[in-house]
Amino acid sequence: MRVGVLGAGHLGRMLAMAGHRIGVEVRCQTDRDESCAAAVCGVDQIAFDDIVGLRDWARAFDVVSYEFENVPVRPVKEIAEVVPVHPGVHALATAQDRVLEK
């Protein structure tokens, strides 16, 4: 199984390490020049506003997830049209709205 993770920080690194132990290939995405996940998995630098690039990136995976709740919702919606995203877009949007979240 191949898992794409939006974000390549500490949680992306931990996801990759856990995945490796059970035979799951994890590759992270970041919009930054550096990431701590790069020490344990492949990382692709793609901006969150590069919808075409993110959709193309997502096609390489069986499923996509994200490592933090501040990932922009729009690109996740676009990726969800290409590959399953878990947690889903609704959960992400809810986590970003503190009133709705309560």
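A brief look at the structure comes next. Note that residues are indexed from 1 along each chain, following the sequence as it is written. In view of the model being predicted, local features appear only for residues whose pLDDT reaches at least 70, and side-chain atom pairs are presented and counted only at 80 or more, with totals across whole chains, interfaces and linings using the full set of residues. For the side-chain quantities, the full set of heavy atoms in the structure was used; hydrogens and water were omitted.

**Here's the deal with the overall build of the chain**
Line of reasoning, step 1. When its secondary structure is counted, the chain shows five helices and four strands.
Line of reasoning, step 2. Sequence-ordered secondary structure for the chain, helices as α and strands as β, is β-α-β-β-α-β-α-α-α.
Line of reasoning, step 3. Over its C-alpha atoms, taken along the principal directions, the chain stretches across nearly 35 × 30 × 25 Å.
Line of reasoning, step 4. In what follows, residue pairs with any heavy atoms lying within 4.5 Å of each other are defined as contacts. Taking the intrachain contacts of the chain between residues at least 6 apart in sequence as the baseline, contacts between residues at least 24 apart amount to 43%.
Line of reasoning, step 5. Carbon and sulfur atoms provide 53% of the accessible area of the chain, an area that totals close to 5900 Å².
Line of reasoning, step 6. Charge separation in the chain, taken as the distance between the mean sites of 11 positive and 15 negative side-chain charges, equals 4 Å. Helix and strand assignments come from DSSP, with helices taken as H or I runs of at least 4 residues and strands as E runs of at least 2, each series counted from the N terminus. Methods summary: accessible areas were calculated by the Shrake-Rupley approach with a probe of 1.4 Å, and residue burial reflects only the protein chains presented. Charge convention: Lys and Arg are scored as positive, Asp and Glu as negative, and His as well as the terminal groups of each chain are ignored. Where a charge lies is defined by one atom per residue type, namely NZ (Lys), CZ (Arg), CG (Asp) and CD (Glu).

**Some details on the packing of helix H3 (residues 73-80) against helix H4 (residues 89-96)**
Line of reasoning, step 1. Interaxial distance between H3 and H4 falls to 10 Å at its minimum, and their mutual angle equals 170°. In this view, H3 runs roughly antiparallel relative to H4, as classed from their interaxial angle. Contacts between H3 and H4 involve Val73, Val76, Lys77 and Ala80 from the first element and Val89, Leu92, Ala93 and Gln96 from the second.
Line of reasoning, step 2. For the contact of H3 with H4, a count of residues per class yields six nonpolar, one polar and one charged. Axis lines are fitted through C-alpha atoms, for helices just across the contact stretch, and the angle between N-to-C directions can take any value from 0 to 180 degrees. The cut-offs work like this: below 35 degrees is roughly parallel, past 145 is roughly antiparallel, 65 to 115 is roughly perpendicular, and the gaps in between are oblique. Gly counts as polar in this scheme, as do all residues outside two lists: the nonpolar Ala, Val, Leu, Ile, Met, Phe, Trp, Tyr, Cys and Pro, and the charged Asp, Glu, Lys and Arg.

**Notes on the packing of helix H2 (residues 51-58) against H3**
Line of reasoning, step 1. Here H2 crosses H3 at 45°, and the two axes come no closer than 9 Å. Of the possible angle classes, the one that applies to H2 and H3 is oblique. In this structure, H2 crosses over H3, and the sense of that crossing is right-handed. Along its contact with H2, which presents Ile51, Leu54, Arg55 and Ala58, the element H3 presents Arg74, Pro75, Glu78 and Ile79.
Line of reasoning, step 2. Looking at the contact of H2 with H3 residue by residue, the class counts come to five nonpolar, no polar and three charged. Whether a crossing is left-handed or right-handed is set by the direction in which the near helix is turned from the far one by less than a right angle, anticlockwise for left-handed and clockwise for right-handed.

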